[in-house]
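Geometric and topological summary
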Amino acid sequence: MSPFTIRLKFHGDLPFFLGTKTRRETVERALREKTSVKDVIESCGVPHPEVDLILVDGQPLDFHHTLGADADVDVYPVGSLPTRFPKNRLQVSNSKEFVADGHLGKLARDLRLLGFDIAYDRDADDRQLLAIMRESNRALLTRDRRLLMHAVVQHGYYLRSQNPINQTIEVLRRFALFSAITPFTRCLRCNAPLEKVGKTEIIEKLKPLTKIYYEEFRRCSGCEQIYWPGSHFSKLQKRITELRAQFSDRVA
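Rules used throughout
Residues numbered from 1 in each chain as written. Predicted model: local features only at pLDDT ≥ 70, side-chain atom pairs only at ≥ 80, totals over all residues. Heavy atoms only, no water. Salt bridge = Lys/Arg side-chain N within 4 Å of Asp/Glu carboxyl O. Helix = DSSP H or I, 4+ residues; strand = E, 2+ residues; numbered from the N terminus. Buried < 20%, exposed > 50% of the residue type's maximum accessible area, 1.4 Å probe, protein only. Core = buried A, V, L, I, M, F, W, Y, C linked by side-chain atoms within 4.5 Å. Contact = heavy atoms within 4.5 Å. Pairing = 2+ DSSP bridges. Axes fitted to C-alpha atoms, helices over the stretch in contact; angles between N-to-C directions. Phe/Tyr/Trp six-rings, centres within 6.5 Å; stacked < 30°, edge-to-face > 60°.

So, about the pattern of salt bridges. Oppositely charged side chains can pair when the atoms bearing their charge come close. With the rule as written, the count across this model stands at 11 salt bridges. Residues D13 and R160 are paired through a salt bridge, measuring 2.9 Å at the closest nitrogen-oxygen approach. Within this pair, whereas D13 is found in the loop between β1 (4-10) and β2 (26-31), its partner R160 is found in the loop between β11 (156-158) and α5 (164-174), the two being separated by 147 residues in sequence. Of the charged contacts, one joins D125 and R127 as a salt bridge, the two residues approaching to 3.9 Å between their closest N and O atoms. Exposure remark for R127: the relative accessible area of 60% places this residue in the exposed category. In this structure, a network of salt bridges that share partners links the residues D13, E50 and R160.

Shown next, in the form of structure tokens:
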């Protein structure tokens, strides 16, 4: 077939993925065979879970649409304008269950601290991460762009920052989670929910001073780790206060 040209315009923060040398809003691709719009977009370096709306010559289409002639393609991220195609959005914006790759341990801990369900194993390989994602319908959090481009990934997010606090703020914003924060409700070790437990039930597992000075306890429903408002508690509260303040400053 005759060669044709696809002109792609990336909106919002999607030019972030285009590379420092070519980071501009518009990219042209010269093609010689029919290609899905998903493959053309990802050939520019933009993972499909980052794309919420695709307009081909002004018409909303999904990732499976095949391009076979000259076309103008507008690509929008989650949370961007235009709002006139609400039924044609490709991503969910309110996921509350996640799986994080092995390089995001501090992010996983922060999200658990805030009460969110996040599966994390620092030794899990890509195959295991994708399996967890599919089996429990989780959104994938990663800084591995190629992993996010995997065909089985439906929903996910590429962390722009390498700073754990900034990463947490990114996730809270991307998935509209701020109003869903419930601190100290999930185990920081294994991710299972915490349950209130009477002191008498666990008295034999407590250290002498803990028995004397503390009355309120929670126990992990998974690994049975016991939590109480000891000296570590103030550090965790400070972390939560810092996260809340950072989030409020950035959305103001």
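I6, F10, I41 and V73 are the most contacted members of the largest nonpolar core, which totals 33 residues. Secondary structure elements with two or more residues in this core: β1, β2, α1 (37-43), β4 (53-56), β7 (71-76), α3 (126-135) and α4 (145-148). For this core, the element with the highest residue contribution is β1, accounting for four residues. Not counting residues within four places of it along the chain, the set of residues in contact with V73 comprises I6, R7, L8, K9, V37, I54, L55, V56 and L67. If you look at the next biggest cluster of nonpolar residues, it comprises 31 residues, including F98, V171, L177 and I240.

Before going further, it helps to examine the sheet that holds β11. Reading across from one edge, β9-β8-β10-β11 is the order of the four strands in this open sheet, with parallel pairing throughout. Two strands close off the open sheet at either side, each with one partner strand: β9 (117-120) and β11. On average, each strand axis in the sheet is tilted by 25° relative to the strand beside it, whichever way the strands run. Relative to β9, strand β8 (residues 97-100) runs parallel, the two being bridged by four bridges. If you follow A100 over to β9, its bridge partner there is Y120. The strands that α5 touches are β8, β10 (139-142) and β11; relative to β11, the one it contacts most, it runs at about 140°.

What follows is about the packing of aromatic side chains. Each aromatic ring pair is characterised by the separation of its centres together with the angle its planes make. Counted according to the given criterion, the structure contains five aromatic pairs. Taking 6.1 Å as the distance between ring centres and 50° as the angle between the ring planes, the aromatic pair formed by F16 and Y158 counts as tilted. Placement of F16 in the loop between β1 and β2 and of Y158 in strand β11 is noted, with a sequence separation of 142 residues between them. For F16, a relative accessible area of 28% puts it in the partly exposed group.

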